[in-house]
Amino acid sequence: MPAEEIMKVQAKLVSVFIAVMLLALLGVACSNSDDNNNVAKRDCLTAEDSVTITTTSEDSKAVSGESIDLVVYDAFLAPPGAFEKFTEETGITVNILTTADTGTMVSQAVLTSGDPIGDVMFGVDNTFLCRALLNNVFSPYRPSTWDQLEESLKLDPFARVTPVDFGDICLNYWIDDTRNQPASIKDLTDTEYAGSFVTQNPETSAPGMGFLLASIAVFGEDGWEQYWKDLRNNDIEIRSGWTEAYYEDFYSKERNIVTSYATSPIAEYIFSDPPLSKPPTGVVGDSCFRSIEFVGILRGTDNPVASAMLIEFLTSTYFQELIPETNFVLPANKKAELPETFKKFLQTDLEPVMIAPDLIELKRNEWTESWTQIVLR
Amino acid sequence: MKSNGLKVADLSVHIDEALILSDISFEIEPGKTLAILGPSGCGKSTLLKSIAGLIPTSSGDILWNSRSLLSSPVHKRGIGLMFQNHALFPHKTVQENIRFGLEMKKIPRSQADKAVMKLLDLVGLRGYASRSVQTLSGGESQRVALARALAPEPKLIMLDEPFNALDRSLRRRLIEEIYGILMSLGITAIHVTHDSEEASQIADSVLLMDNGNVIDHGKFHDVIKSPKNAISAELLGLQTLWKPILEHRNGLYGINSPWGFKELPEPIASSYKVLVRPEKIKVGLNGVEAVVLNNVYVSGQKLVKCLVSDSFSVHVKTDGEFNPGQRIKLQLNLSDIEILVEHSV
Amino acid sequence: MDITAKKVSTLTTILTVLIIGTFYGVFYFFPVGNLLKYGTEFTTIKEVFSSSSTWKVIWFTTWQALLSTFISLLIGIWIANVFTKFQFRGKQFLKALSIIPFVMPTVVVATAFISVNEFLRLDGTMFTLQGSTFGIIIAHVFFNTAIVVRTVGSIWPLIDPESEMAARTLGSSTSSTFLRVTLPQLKASIFASGSLAFLFTFSSFGVILLLGGLEKATLETEIWRYATQRTDFKTAAVLGIIQLTIIIVMLALNSRSRRQGAAAPKSGGSSTQPSCANTHFLKFRLGTCVVFIAGFLGLPFALLVERSLSTNNGYSFLYYKQIFLESSERFSVFGTRQAILNSLLWATFAMIIATILGLLAAILLTHKSQKLSRSSDVILLMPLGTSGVLLGFGIIVGLDTSILDVRSEWWIVPVAQAIIGVGFVSRIVSTAIRNQNPELKQVAQTLGAAPAKVWWHVDMPIISRSLIAGSIFAFAIAIGEFGATAFLARPQRPTIPTAIFNLLGRPGAATFGQAMALSVILALITATAVSVLDRTGSVVGNEI
């Protein structure tokens, strides 16, 4: 009877449907993927046995017409017209691919190491640097601008990554005659600053992590936990991200002191309405943690030469002079001139601290666990 | 053997393994109307849906002008069906509903609209064209459903209790007009109803159904004169039926009535009902004692309901005036007592 | 049905299974499977399960989702009731208002909620919205009300009011009638919207992170933390498997309960018409609801508008001007004008994909074959409850074969959004299909309509209202860039949510003001698009 046959066909359909799903899942198990799990524990800043990319002027001409992908994190904004200029000069088209925050971007790079989603990655910072290097994410390339770059920023002597900009994560405060103006990071535990401070969770926020690392650098691995205990007793507010901390608690003047960037006061000045004559906020000079951003060629790219040329461009004075006003960071190239507003208003009394990237990588989880226990529980 | 019109031959229908219709056979000549009478749940609606092709048949055949319809899909059979639940398209207006069949026939819009207006006049819904069907009363939506089924002038139209929500005068008017149209257009019709009077007005022949079976079939006039069994008689609205007491007298089986003993016809069945028609009973000076219960009016005719021998009631057709409680005498010939088998074999 | 009709039907089914199966297989199962395979290592599994925080997280995730869903259903049913029974001025506006929460970037919702917190001076009290579970639940209800109102609200008018009246004459009180006569007829749509609400709240990310205060962790936030901040895919994958398992169990249970004891009201009979509130009591009923909607949904939005208008010189449209005119150099980098255009285009594209596929998928959901409809019930909605992180990462890792390197194509974004949209559309549409009166199709056939014509004239208009309701959600999800979008590597084109994000990432009164203004614009665009779709739906589906 036709009815039975129809039932049989339908039953077969269902089985096919489920089989396809299972096959998809199985296909996954057999698919090719880099074995990222068995990375030998080694110092991330030691030499790599990978080939350094070199280019010649013939190569440069040959890649005209190619198209490469620049992977960036979500907060990155391309200076208007900059990449068009690059295309004009070299004939190479740059597609910008954004992901989420820096941690996500690095994790994605780790996951796809050797078979990357783009050609060049912009924005790995010094807190994530070792994670990327240990997973063999980059191919080394030393741009011709290397000697123009600030020495203290060259954390990887093997040029797997090139420093492209830096910024300091520092405590900001409202300049205001009626309230106490903090002069040092140590001031925050004084009772007169009770209830004035808001900062971010280091696990979910880059500035939050920056400030935690600053406190570890300043107070030492044995002393930082006490500092935070004292802070907690002094009524601090913790938010999950920069936006909430800055715009909710800091802007409403509920909290006078916030963890932000050294360039934030300048941004306040530029984006003020009505226009101000100078920045309304100040920076606590000894609370700064140096945050360095790097750019690197992703290992496995099909366009190594074009990627190299992009690195050249990104470290050139032209581009380096555009970065500050779009992304509020400082150029790594010593020859790049700062914009007027920065020259005028960037505080000169900043004493940023650093922690070695391999130590960060080693202790990061331990430190954040401890921090969570002390501050949140 | 060539025959025109609808022929249903030994049709059986199962739904989910239950036998709903069993060996249904009947014919309708082109242009004639068949009334189907039957109690609720006897399978009338199933029969209509099977003929329309909406329900698959298990065995048997359905033929129109000697050609089997079984291989045609529903939309190509040209058989209209007016549903008991109306099933109007809720998202369309009255006009759009009625026009639907004409659209399917690709009749140009202006022509179709004219036809719709005429039908609206016919069913007494002039001015309802742009009304939403959600706002209609039960009677109004029934009329729209009717108009919709009529609009495409199908070769066979099947109406499932089309007038049950309408009042008597409207019903009478519609019957006249609609059947006038059907006749003039030569449309064959099946009309399902439980109102035997209505059936008698419209039908050339009648099909009596019970429990998925055909109990009786034929010209109305013939069927009503000699009902095959008590169920047929009930369906036909015949009065008065009562359950007799069976007796065995002098070696014969028969019923004992106040007017005498009447022998049961052969073959002997297990249960019987007795039919005495109102016009056969006379009120007289002598006869069986009866007490008047009340006067009832059936289609404007007065019948007197009486209680006979304190056991059963009969209806009497008489011109005389009687009051409840009055004692009268009823005469009846034994030959006018019709003994009907309760169920046919 | 005759032979050809059966053949067409089977062919349609096969084609549908193939299309949907391929779409889901390539863009969901394969990527997710690729990530979850990291969670098959025994040592990691042991570690995760032996940690007490894992169990705490599972427990919290589940009960907050259940509670959020329950309250959303209560409030949603209440509002749907009022919308069904009453006709009043501003009904369309309120309807559009209810969907706005859906499109708002979580950061903006958080801002709005904090404004409410301040405005109502709830901070520090038991009812504080900030840093509390209460805040999370309220925020979830805020989002999910729209789902319930629209799903249940599209079925409620189909209930025959006479069934309720009959119950009353038989001695049943108003509340008893509601529980015994009305509710069973709504059961299917309640379960449908409830499952959607549960999936959202179970895998909710932004709300938990921003409003939950930092002690509250759910499976989703933990997966995010391990995958993106610790680069620990093994733990993230194990948590992902746990999340998926719970989702599958819940979908299967939902599927079963939905079928039991449900009496779907059929279309084509008499239906509930909205009427004006005539008596004082009715006015009161209507009034309380309208006030509640306006307050609950409108207050955060109103505060947002207020913030977008308040400059240091008093109230003005300054920030709006800046967005559209980009007068000065300093804002050109945000590309706000282009952002609006891009958002609309991409969202429309995603909506179209989701609608077409959702319609096909609804065929599977309402199929006669129990096996097919039951498994579809679960499979089609899985993406909604799957971690966006895992899906995004999975696409990046998985779709990189030489034949199929699509991971950075621009269209992968609308596709990723459409996958979630398909679940919505199919669920809402299938509810409508189940409510169809089969006699309507039969009557159409007897009037000479071939199967395709039946579908066009009878089926489509009736389910179109639900189809549009589903499309609206697909559009809203897409324009709000929900889910896996953030975790894909996508070509950097400005869209409204990313522009808001960038504006909020830079200090300055002007950038903040513009972010608020842009959020208001996003809300208005969505409300407009939704009203347009609603109106189309009512023209086509003859909405009451």
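Refer to the preceding data block for the structure.
Residues numbered from 1 in each chain as written. Chains lettered and ligands numbered in written order. Predicted model: local features only at pLDDT ≥ 70, side-chain atom pairs only at ≥ 80, totals over all residues.

Trainee: Any details on the overall build of chain A? Residues and values, ideally.
Mentor: Secondary structure summary: chain A contains twelve helices and eleven strands in total. A burial count over chain A gives 50% of its 377 residues as buried. Taking the intrachain contacts of chain A between residues at least 6 apart in sequence as the baseline, contacts between residues at least 24 apart amount to 78%. (Helix = DSSP H or I, 4+ residues; strand = E, 2+ residues; numbered from the N terminus. Buried ≥ 20, exposed ≤ 12 C-beta atoms within 10 Å, placed from the backbone. Contact = placed C-beta atoms within 7 Å.)

Trainee: Quick rundown of the overall build of chain B? Include the residues and the values.
Mentor: Per the secondary structure count, chain B includes eight helices and 21 strands. A principal-axis box enclosing the C-alpha atoms of chain B has dimensions of 75 × 45 × 35 Å. Going through the 345 residues of chain B one by one, you find that 40% of them count as buried. For chain B, contacts bridging at least 24 residues in sequence account for 65% of all contacts bridging at least 6.

Trainee: How would you summarise the sheet that holds strand β21 (residues 338-341) of chain B if you had to cite specific residues and measurements?
Mentor: All names here are of chain B. Spatial strand order, β11-β15-β21: three strands in an open sheet with antiparallel pairing. Of all the strands in the sheet, just β11 (241-242) and β21 have a single pairing partner and so form its edges. In the sheet, strand β15 (residues 272-275) pairs with β21 via four bridges, with the strands oriented antiparallel. Directly across from V274, in β21, lies its bridge partner I339. (Pairing = 2+ DSSP bridges.)

Trainee: Any chance you could break down unusual backbone geometry for me, citing the residues and the numbers?
Mentor: All names here are of chain B. Cis peptide bonds are those with omega within 30 degrees of zero, and the linkage from Q239 to T240 qualifies with -10 degrees. Along the polypeptide, T240 turns up in the loop between α8 (230-235) and β11. Located in the positive-phi region is D10, a residue other than glycine, with phi close to 50 degrees. A residue is classified by how many C-beta atoms lie within 10 Å of it, and D10, with 12 of them, is exposed. Here E153, not a glycine, exhibits a phi torsion of approximately 45 degrees, which is positive. Of the residues examined, E153 has 17 C-beta atoms within 10 Å and is grouped as partly exposed.

Trainee: Outline the packing of helix α11 (residues 233-259) of chain C against helix α16 (residues 370-379) of chain C, supporting the account with residue identities and numerical values.
Mentor: All names here are of chain C. Contact pair α11 / α16: the axes reach a minimum separation of 8 Å and the direction vectors enclose 140 degrees. As far as their axial angle goes, α16 and α11 are oblique. In terms of crossing hand, the pair formed by α11 and α16 is right-handed. On α16, the residues touching I248, L251, A252 and S255 of α11 are R374, D377 and V378. (Axes fitted to C-alpha atoms, helices over the stretch in contact; angles between N-to-C directions. Parallel < 35°, antiparallel > 145°, perpendicular 65-115°, else oblique. Left-handed = near helix turned anticlockwise from the far one by under 90°.)

Trainee: Provide a residue-level description of the sheet that holds strand β18 (residues 301-308) of chain B, including the pertinent values.
Mentor: Sheets are built from strands paired through backbone hydrogen bonds, the pairs being either parallel or antiparallel. Residues and elements named next belong to chain B. Across the sheet, which stays open at both edges, the five strands sit in the order β16-β20-β17-β18-β19 with antiparallel pairing between neighbours. If you trace the sheet from one side to the other, it starts and ends with β16 (282-284) and β19 (312-317), each paired once. The average angle at which neighbouring strand axes cross in this sheet is 50 degrees, direction not considered. In the sheet, strand β17 (residues 288-298) pairs with β18 via eight bridges, with the strands oriented antiparallel. Along β18, the bridge assignment pairs V291 with L307.

Trainee: Please give an account of the pairing of strand β2 (residues 18-28) of chain B that cites residues and values.
Mentor: In this sheet, β2(B) lies alongside strand β1 (residues 6-15) of chain B in antiparallel orientation, the contact comprising seven bridges. Counterpart to I15(B) in the pairing with β2(B) is A18(B).

Trainee: Describe in detail the arrangement of the chains, supporting the description with residues and values.
Mentor: There are two pairs of chains in contact here, and the one with the most contacts is chains A and C. Chain A shows no contact with chain B. Their nearest C-alpha atoms sit 11 Å apart.

In short, shape yes, function no, at least from these values alone.
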